[in-house]
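Descriptive analysis of the structure
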Amino acid sequence: MIEGPYFVLVLLGALASGLVAGAFIAFSTFVMKGLAALPPAQGIAAMQSINVAAVTPGFMAVFMGAAGLSSVVAVVTFVLWPDEGTVEILLGSALYLFGSFGVTIAANVPRNDALAKLDPQAPQSAEKWRTYVSEWTRWNHIRVGASLASAAAFTLSLT
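Before going into details, it helps to say that this report is about the structure given with it. (Residues numbered from 1 in each chain as written. Predicted model: local features only at pLDDT ≥ 70, side-chain atom pairs only at ≥ 80, totals over all residues. Heavy atoms only, no water.)

With respect to helix H4 (residues 86-116)
- The first and last C-alpha atoms of H4 sit 42 Å apart over 31 residues, in line with the 45 Å expected at 1.5 Å per residue.
- A bend of about 45 degrees at Thr104 is the largest found in H4. (Helix = DSSP H or I, 4+ residues; strand = E, 2+ residues; numbered from the N terminus. Expected span 1.5 Å × (residues − 1). Bend = angle between axes of the 7 residues up to and from the residue.)

Rendered as structure tokens:
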């Protein structure tokens, strides 16, 4: 069984991954649907505002903290190579780092950056908004699954 500070790191990784999954699932299940139901100019303006507001110390501490914990836990696991939980810990770390953090950097942030440049009132922005909502949400579903699976893998390693 995992013990001591290592146990605490893995537990915090599980909790942080779960919190991130919760934030992401809110967007996948109702926030994006609500924004898509608005007239495009209003949806664009609202999402532009959300994207600015999301980069707060509270959310970033959890989001980046989960990435940091996943990295540290993976390195410690390679060094200690415990008798139990190794596969689950490494899987949890990889799922968060690649499926949540990596997808955010590679897929969601570039879409957010492109959205930030749109003029909500411009006629051509409406079609770009519909594409944004569809693509961004699809990638967000992947982040939900990866974060949740990461939390599950970390949790299983502790049993």
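The discussion continues.
A word on the nonpolar core
- With 11 residues, the main nonpolar core is built from Val31, Met32, Leu35, Ile44, Met47, Leu115, Leu118, Trp129, Tyr132, Val133 and Trp136.
- Where this core is concerned, the elements lending two or more residues are helix H1 (4-37), helix H2 (40-54) and helix H5 (125-157).
- Ranked by the residues each element gives to this core, the list is headed by H5, at four residues.
- If near-sequence neighbours (up to four positions away) are discounted, Met47 is found in contact with Phe27, Met32, Leu35, Asn112, Leu115, Trp129, Tyr132 and Trp136.
- Listed in part, the nine residues of the second largest apolar core include Val20, Phe63, Ala66 and Tyr96. (Core = buried A, V, L, I, M, F, W, Y, C linked by side-chain atoms within 4.5 Å. Buried < 20%, exposed > 50% of the residue type's maximum accessible area, 1.4 Å probe, protein only. Contact = heavy atoms within 4.5 Å.)

Remarks on H2
- Here H2 spans 21 Å end to end across 15 residues, near enough to the 21 Å set by a 1.5 Å rise per residue.
- Within H2, burial applies to Ala41, Gly43, Ile44, Met47, Gln48 and Asn51. The buried residues of H2 all sit within an arc of 165 degrees when viewed along its axis, so they share a single face.
- Summarising the contacts, the buried residues of H2 are in contact with H1, H4 and H5. (Arc of directions from axis to C-beta.)

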